[in-house]
Amino acid sequence: MSHTIALNFEDGVTRFVEARPGETVADASYRAGINIPLDCRDGACGTCKCRVEAGAYDGGSYIDDALTEDEAAEGLALACQAQPKSDMVVAVAASSQLCKTGRQNVETRLVSVDRLSDTTVAFSLEGGFGFLPGQYVNVQVPGTDQRRAYSFSSAPGSDRLSFLVRDIPGGLMSGFLRDRAEPGMPIGFSGPEGSFYLREVKRPLLFLAGGTGLAPFLSMLGRLAEAGTGGHPVHLVYGVTSDADLVAVDRLEDFAARIPGFSFATTVVADDSAHPRKGYVTRHIEAGQLHGGEVDVYLCGPPPMVDAVRGWLGEQGVTPASFHYEKFSPSAPADASRWQAA
């Protein structure tokens, strides 16, 4: 039985390869023309050391100088020895350029455009493209040479690739979607990219979303609805500026019905809002949802929100077991609109 390996490179590029029965991570990569770091192929030098972020595998044979017991216990493996026993996510300690690969360029077609509110538009493209839940692609605005970065709001494996866009007056992509878009129009993108993606669930999860930063969490929740949470609780706090910005609540309600242990809260900042909860997301994080630091925190929103949450966590004296965040600017070009940190 073959297994899919997601290779995540240091520059945020992700490529997917298929490992045949008996193949190692290195075998599958090189067969696909992706030259990940490699030297001896015998488990002796440690050149191909990588981090397995998800999936089961046989670590193979190697000497302690190449990979120590402590390193193996922490999830490190040798690509020349590790044989997948399931689908895997592997972090490669090199850039995609160094490994002689790069972003995939895809040509597809527009399926639909849906106005969710006065400020938010959703659009969908034909599917059949691999990515990790939480990642993004750079979409070319039809009729221009400009690209904009958007996180998937659909789960991997969906027959449609869906995205959320803030409708900005004068915005290049939002103007296209509002005024010229028609189903069937060709549209291209490159990717997937980003180190902001759902890791293997090992402890409780706290998701914090701001505005259209909800999109990657919808993708993550779609994956959790299929794969489960391992019995760990998952809580989402979704904050927006105004009532009109609050969208996709029906999808969150559906996930709450489908995912055991999932709960969510919404909040609106505007003082004149009719929403029952006001203020920033930090105002609506309960102490118990931090689990004394034994929690994985995922945060996606505008830069001021991300910085505020990071500062707030410090004030609480809580250091999460892991903290993954993505800042975004809804109007910036693709090459300037995403910053990731794991």
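**Structural notes on helix 4 (residues 215-227)**
- Taking 1.5 Å of rise per residue, 13 residues should cover 18 Å, and helix 4 covers 19 Å from first to last C-alpha, within 8% of that figure.
- Residues A215, P216, F217, L218, S219, M220, L221, G222 and L224 constitute the buried set of helix 4.

**Focus on the pattern of salt bridges**
- Taken as a whole and judged by the stated rule, the model has 11 salt bridges.
- Note that D27 is salt-bridged to R41, the shortest N-O span being 3.5 Å. Here R41 lies in the loop between helix 1 (25-31) and strand 3 (49-54) and D27 lies in helix 1, a separation of 14 residues in the sequence.
- The partner of R199 in a salt bridge is E53, with the nearest N and O atoms 3.9 Å apart. In this pair, R199 is assigned in the loop between strand 13 (186-193) and strand 14 (205-210) and E53 in strand 3, connecting sequence segments 146 residues apart. The same class applies to R199 and to E53, which are both buried.
- Look at the salt bridges and you will find they share partners, linking R115, D167, R178 and D179 into a network.

**Focus on unusual backbone geometry**
- Along the chain, G191 connects to P192 via a cis peptide bond; the corresponding omega equals 0 degrees.
- Here P192 shows up in strand 13.
- Phi at K100 is positive, roughly 60 degrees, even though this residue is not glycine.
- The topology assignment puts K100 in the loop between strand 7 (88-91) and strand 8 (104-115).
- A positive phi angle, close to 60 degrees, is found at A248, a residue other than glycine.
- Look at A248 and you get buried, because its relative accessible area is 14%.

**Let's talk about the side chain of H235**
- Relative to the helices and strands, H235 is located in strand 15 (residues 234-240).
- Given a relative accessible area of 10%, H235 falls into the buried group.
- Residues within four places of H235 in sequence aside, it is in contact with L205, L206, F207, S263, F264, A265 and Q289.

Criteria and cut-off values
- Within each chain, residues carry numbers counting from 1 in the order of the written sequence.
- With the structure being a predicted model, the display of local features is reserved for residues of pLDDT at least 70 and the display and counting of side-chain atom pairs for 80 or more, all residues being used for whole-chain, interface and lining totals.
- Heavy atoms throughout the structure, all of them, feed into the side-chain values; hydrogens and water do not.
- In this text, helices come from DSSP runs of H or I with a minimum length of four residues, and strands from runs of E with a minimum of two, each type numbered from the N-terminal end.
- Residue count minus one, scaled by 1.5 Å, sets the expected span of a helix.
- Accessible area is worked out with a 1.4 Å probe on protein chains only. A residue is then buried under 20% of its type maximum, exposed over 50%, and partly exposed in between.
- When a carboxyl oxygen of Asp or Glu lies within 4 Å of a side-chain nitrogen of Lys or Arg, that pair is called a salt bridge.
- Contacts are assigned to residue pairs that have any heavy atoms within 4.5 Å of one another.

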